[in-house]
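So the chains spell out like this:
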Amino acid sequence: RLSSVVVVGHTDYIGSDDYNQALSQRRAETVANYLSNRGVPASVISAQGAGESQPVVQCSEKLGRKELIACLQPNRRVEIQVTGSGVLN
């Protein structure tokens with residue numbers, strides 16, 4: 001039985017901490033709404049923003065802006081943690 005779906009949004013470090021926290025929360029909420037609209041019960045979904053606190057890559061500060069933005073792309077993501085299982089009808 002599906003018991004929880006935790007959606008966590010992430011950002012890179014470009015921008016202010018407050019902006020990135022809000023952006024990561026919006027990312028998570030967008031995915032949570034998508035899942036709910038596709039049949040995942042809203043009662044088991046939670047959305048959290050992690051901001052820039054959990055990067056998966058580090059990039060050199062010596063890169064140009066365009067290259068830095070491209071390098072940091074993996075940090076701009078949403079992760080979904082599912083507990084339980086089941087088939088949605």
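Residues numbered from 1 in each chain as written. Predicted model: local features only at pLDDT ≥ 70, side-chain atom pairs only at ≥ 80, totals over all residues. Heavy atoms only, no water.

Trainee: I'd like a rundown of the pairing of strand E2 (residues 45–49), residues and numbers included.
Mentor: For strand E1 (residues 4–9) and E2, the ladder comprises 5 bridges, and the chain directions are parallel. Bridge assignment links Val 5 to a residue of E2, and that residue is Ile 45. You can see the chain leave E1, run along helix H1 (residues 17–37) and come back into E2, and the turn it takes is right-handed. (Pairing = 2+ DSSP bridges. Helix = DSSP H or I, 4+ residues; strand = E, 2+ residues; numbered from the N terminus. Right-handed = clockwise from strand over helix to strand, strands pointing away.)

Trainee: Give me the lowdown on the sheet that holds strand E3 (residues 78–83), citing residues and values where you can.
Mentor: If you walk across this open sheet you meet the 3 strands as E2-E1-E3, and the pairing is mixed. Looking at which strands have only one partner, the edges of the open sheet turn out to be E2 and E3. With direction set aside, neighbouring strand axes in the sheet form an average angle of 15°. Of the pairings in the sheet, the one linking E1 to E3 comprises 6 bridges and is antiparallel in character. Opposite Ser 4, over in E3, you have Thr 83 as the bridge partner. (Axes fitted to C-alpha atoms, helices over the stretch in contact; angles between N-to-C directions.)

Trainee: Tell me about the pattern of salt bridges, and please be specific about residues and values.
Mentor: Under the criterion given, the structure shown has 2 salt bridges. We note a salt bridge from Asp 12 to Arg 76, for which the minimum N-O separation is 2.6 Å. Remark: Arg 76 occurs in the loop between helix H2 (65–71) and E3 and Asp 12 occurs in the loop between E1 and H1; sequence separation between them is 64 residues. Between Arg 77 and Glu 79 there is a salt bridge whose closest N-O contact spans 3.1 Å. Judged by its relative accessible area of 14%, Arg 77 is buried. On the basis of relative accessible area, Glu 79 is assigned to the partly exposed category, the value being 30%. (Salt bridge = Lys/Arg side-chain N within 4 Å of Asp/Glu carboxyl O. Buried < 20%, exposed > 50% of the residue type's maximum accessible area, 1.4 Å probe, protein only.)

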